[in-house]
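Given next are the chains, with one letter for each unit.
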Amino acid sequence: MCRSIKTLRPPVLPEEATEEDIRAAALQYVRKISGFRAPAAHNREVFDRAVDAVAEATAELLAGLEVRGQTAAARRAG
């Protein structure tokens, strides 16, 4: 996996991941999978849709994870 994608959940990331953190990880993932750092104009739309989909799935995953030793209130408080 791409080494520049970091873990976005506590306790590795002490605070809740921001939208920016999630989007950056999604972008790195799509870059790695596609093999393109920046897509050509004719691939831009599908590339951007993939980043959006991965970011949405990542946010959903992080919101649903239960980390041992943390209550839901503690997770929301960051």
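Just so it is clear, the model here is predicted, and its values are computed rather than measured. (Residues numbered from 1 in each chain as written. Predicted model: local features only at pLDDT ≥ 70, side-chain atom pairs only at ≥ 80, totals over all residues. Heavy atoms only, no water.)

Digging into the pattern of salt bridges
Here's step 1: The tally for this structure, following the rule as stated, stands at three salt bridges.
Here's step 2: In this structure, Asp 48 and Arg 44 form a salt bridge, with 3.2 Å as the shortest nitrogen-oxygen distance. With Asp 48 and Arg 44 both in helix H2 (residues 44-64), this residue pair falls four residues apart, about one helical turn.
Here's step 3: Since its relative accessible area comes to 37%, Arg 44 is described here as partly exposed. (Salt bridge = Lys/Arg side-chain N within 4 Å of Asp/Glu carboxyl O. Helix = DSSP H or I, 4+ residues; strand = E, 2+ residues; numbered from the N terminus. Buried < 20%, exposed > 50% of the residue type's maximum accessible area, 1.4 Å probe, protein only.)

Concerning the side chain of Asp 21
Here's step 1: Following the sequence through the fold, Asp 21 ends up in helix H1 (residues 19-34).
Here's step 2: Buried and unpaired, Asp 21 has Lys 6 as its nearest opposite-charge partner, separated by 4.1 Å.
Here's step 3: A distance of 3.0 Å separates a polar side-chain atom of Asp 21 from the backbone nitrogen of Thr 18.
Here's step 4: Beyond its immediate stretch of four places on either side in the chain, Asp 21 contacts Lys 6, Leu 8 and Leu 13. (Lys, Arg positive; Asp, Glu negative; His and termini not counted. Polar contact = N/O pair within 3.5 Å; in protein donor to acceptor, adjacent residues only side chain to side chain. Contact = heavy atoms within 4.5 Å.)

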